[in-house]
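So you can see what is in the structure, the chains are spelled out below.
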Amino acid sequence: MTENTSTTPEYLIRGASLLGGAAQDLLVRGGVITAVGGTAAGDASAGAVPIDAEGLLALPGMVDLHTHLREPGREDAETVETGSRAAALGGFTAVHAMANSSPVADTAGVVEQVYRLGLASGWVEVRPVGAVTVGLGGERLAELGAMAESRASVRVFSDDGICVSDPVLMRRALEYVKAFDGVIAQHAQEPRLTEGAQMNEGAVSAVLGLTGWPAVAEESIIARDVLLAQHVGSRLHVCHVSTAGSVEIIRWAKARGIDVTAEVTPHHLLLTDELVRSYDPVYKVNPPLRTSEDVHALRAALADGTIDVVGTDHAPHPSEHKECEWAQAAMGMTGLETALSVVQHTMVETGLLDWEGFARVTSVTPARIGRLGHQGRPLAVGEPANLILVDPAARWTVDPSRMATKGRNSPFRGLELPGSVRATFYAGHPTVLDGRLATPRPSAGVAAPEEAPAWSI
């Protein structure tokens, strides 16, 4: 949809630190940044809405390549509306909705339904991820071309949650998506090595007597797939990398010029399998929490570019699917509203990334991988106004009951984390102000306010 800019308020953001640099003013008009620095105030109209951003960071809106919005069919866990609200509050301006809905997003019709739900919601840009195989069954390719040519313009395809374990099928998928510059996002898990797996295979699983999920089950699929990608000359993206061995394989592949990218989740940057000693199902996830050695390798790989991006793998579940015995509990954790804070804690406050590097792994590179040309852009004149204002000095305690997502399965509950999103601008429209939901984009069917208030955030 095209936004009616004649009714869109103009915003003068005063004194924000751009990517951690000098404080400058930003003028946002008609969905675009129209002035930066000393000229912004002079170029603003008399009706421009002032936003006091002194002490705040201005960053490109975050882009998530790996979000489970559950709709259609699993609305008890999440909907596009609730997940989009959570994303906006977390500082995201675009999310990619994974295909494991019910029905599976394996046809043009289903991905267009998800796309329309995102437009109607208006909190963030929602881009559907198409399934690689019909019904996630791993037997025959889904309608990849039809999904790519649909209104949803799908460019990322994944059976996430299930590995495309058949090498012939994986090769065909990689070959097929080359025609429209698509990418296959692989959930790397050799199924025969992980039958009945409950947690990471290691010292803790041996003590607890739980069936282990060995690192080699991930690493062997990544090794196979980077060679397939090299063979056919296609793009491969590795979902939620979790082991030090996987990092080394990806580093080797990149050194050979193979077109592979990779993501790490916030929970794999912070949490370890030691937490499973509590038998609390909130820590049950796929791939599982690994060792402290793996955590440090993942952090180093994200810092040096071996791992390209942070993807939340936001996976909300109804309470009855997590508040039960460990063996029966669903795998997955929420992550949209805590991602920024966890990455700040693990990467920025440790000195591994500066704020420009933060923007690279949370916005610029994921937008490039997902082929979202209008997201992850510089905070410069003429660029789309997808941006966030962050208070890096804020501290807050995670309380899942106060989150916008339907899921209460946050592994960070009770933790004090740094950083707070004070405002989110999606295509020039503030979806979050003063740390609270404002309004969705007017173009999504919500009328613009006649008079916009002044905000101090």
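Residues numbered from 1 in each chain as written. Predicted model: local features only at pLDDT ≥ 70, side-chain atom pairs only at ≥ 80, totals over all residues. Heavy atoms only, no water.

Asks: Got a sec to walk through the overall build of the protein chain? Specific residues and values, please.
Replies: Of the regular secondary structure elements, the protein chain holds 12 helices and 20 strands. Across the protein chain, every contact between residues at least 6 apart in sequence was considered, and the portion connecting residues at least 24 apart equals 74%. Only carbon and sulfur atoms are counted for the fraction: they give 50% of the accessible area of the protein chain, which is about 16,500 Å². Distance between charge centroids for the protein chain: 3 Å, based on 36 positive and 54 negative side chains. (Helix = DSSP H or I, 4+ residues; strand = E, 2+ residues; numbered from the N terminus. Contact = heavy atoms within 4.5 Å. Areas by Shrake-Rupley, 256 points an atom, 1.4 Å probe, with all protein chains shown as cover. Lys, Arg positive; Asp, Glu negative; His and termini not counted. Charge placed at Lys NZ, Arg CZ, Asp CG, Glu CD.)

Asks: Could you give an account of the packing of helix α5 (residues 167–177) against helix α7 (residues 215–232), naming the residues involved and the relevant values?
Replies: Packed helices, taken two at a time, are described by the angle their axes make and the gap between the axes. It is at 10 Å that the axes of α5 and α7 come closest, and there the two elements cross at 45°. In terms of their interaxial angle, α5 and α7 are classed as oblique. Judged by the twist between their axes, the crossing of α5 over α7 is right-handed. Between α5 and α7, the contacting residues are P167, M170, R171, L174 and E175 on the first element and R224, D225, L228, A229, H231 and V232 on the second. Residues of the contact of α5 with α7, tallied by class, amount to 6 nonpolar, 1 polar and 4 charged. (Axes fitted to C-alpha atoms, helices over the stretch in contact; angles between N-to-C directions. Parallel < 35°, antiparallel > 145°, perpendicular 65-115°, else oblique. Left-handed = near helix turned anticlockwise from the far one by under 90°. Nonpolar A, V, L, I, M, F, W, Y, C, P; charged D, E, K, R; others polar.)

Asks: Give a detailed account of unusual backbone geometry, specifying residues and quantitative values.
Replies: Across the chain, the bulk of peptide bonds are trans and the bulk of non-glycine residues have phi less than zero. A cis amide bond links E71 to the next residue, P72, at an omega of 10°. Inspection of the secondary structure assignment puts P72 in the loop between β6 (62–67) and α2 (80–89). Of the consecutive residues S102 and P103, the connecting peptide bond is found in the cis state with omega at 10°. Locating P103 in the fold gives a position in the loop between β7 (92–97) and α3 (108–121). One non-glycine residue, R70, adopts positive backbone phi at about 70°. In this fold, R70 is placed in the loop between β6 and α2. Phi is positive for Y279, which is not a glycine, with a value near 60°. Along the chain, the position of Y279 falls in the loop between α9 (266–270) and α10 (292–304).

Asks: Give me the lowdown on the packing of aromatic side chains, citing residues and values where you can.
Replies: Scanning the entire structure with this criterion turns up 4 aromatic pairs. Measuring from centroid to centroid gives 5.9 Å for F157 and F180, while their planes differ by 55°, and the two rings are tilted. Of the two residues, F157 sits in strand β9 (residues 156–157) while F180 sits in the loop between α5 and β10 (183–186), which places them 23 residues apart along the sequence. Under the relative-accessibility criterion, F157 is labelled buried at 0%. Within the aromatic cluster, the residues linked to one another by ring pairs are F157, Y176 and F180. The cationic tip of R441 hangs over the ring face of Y426; the distance from NZ or CZ to the ring centre is 5.0 Å. (Phe/Tyr/Trp six-rings, centres within 6.5 Å; stacked < 30°, edge-to-face > 60°. Buried < 20%, exposed > 50% of the residue type's maximum accessible area, 1.4 Å probe, protein only. Lys NZ or Arg CZ within 6 Å of the ring centre and 35° of its normal.)

Asks: Could you give me a rundown of the packing of α7 against helix α8 (residues 244–255), with the residues and numbers involved?
Replies: Put simply, α7 and α8 touch, their axes get as near as 9 Å, and they point 10° apart. In terms of orientation, α7 lies roughly parallel with respect to α8. Here E218, E219, I222, A223, V226 and L227 of α7 come into contact with α8, specifically with G245, S246, I249, I250, W252 and A253. Its residues placed into classes, the contact of α7 with α8 shows 8 nonpolar, 2 polar and 2 charged.

Asks: Lay out the sheet that holds β6 with the relevant residues and their values.
Replies: Strand order across the open sheet formed by 3 strands is β6-β7-β8, with parallel pairing between neighbours. Strands at the two margins of the open sheet, each flanked by one partner only, are β6 and β8 (125–128). Averaged over all neighbouring strand pairs, the angle between strand axes comes to 20°, with direction disregarded. In this sheet, β8 lies alongside β7 in parallel orientation, the contact comprising 4 bridges. Across the sheet, V95 pairs through a bridge with V126, a residue of β8. (Pairing = 2+ DSSP bridges.)

Asks: Help me get a handle on the environment of M98, residues and values and all.
Replies: Inspection of the secondary structure puts M98 in the loop between β7 and α3. Spatially, the C-alpha atoms of M98 and T67 are 5.8 Å apart, while their sequence positions differ by 31 residues.

Asks: Kindly report on the confidence of the model for the protein chain, identifying the contributing residues and their values.
Replies: Looking at the protein chain, the pLDDT average stands at 94 and 95% of residues meet or exceed 70. Segment residues 1–6: pLDDT under 50, and 10 contacts once partners within four positions in sequence are set aside and those in other chains are kept. Confidence over residues 444–456 falls short of pLDDT 50; this stretch has 24 contacts with residues more than four positions distant or in other chains. (pLDDT = per-residue confidence, 0-100.)

Asks: Can you break down the sheet that holds strand β15 (residues 309–310) residue by residue, with the values?
Replies: Taken in spatial order, the 5 strands of this open sheet run β9-β10-β13-β14-β15, and their pairing is parallel. Where the open sheet ends on each side, the last strands, each with one partner, are β9 and β15. Where strand β13 (residues 236–238) and strand β14 (residues 260–264) come together, 3 bridges link them in parallel fashion. Of the residues in β14, the one forming a bridge with H237 is T261. Across the sheet, α5 touches β9, β10 and β13, and the angle it forms with β10 is around 145°.

Asks: Pulling in residues and values, what's your account of the pairing of strand β17 (residues 416–426)?
Replies: Burial analysis of β17 places 10 of its 11 residues in the buried class, the great majority of the element. As judged from the 8 bridges shared by strand β16 (residues 387–397) and β17, these two strands associate in the antiparallel manner. Its bridge partner being in β17, L389 is matched across the sheet by A423. Relative to strand β18 (residues 429–433), β17 runs antiparallel, the two being bridged by 3 bridges. In the sheet register, T424 faces β18, and the bridge partner there is V432.

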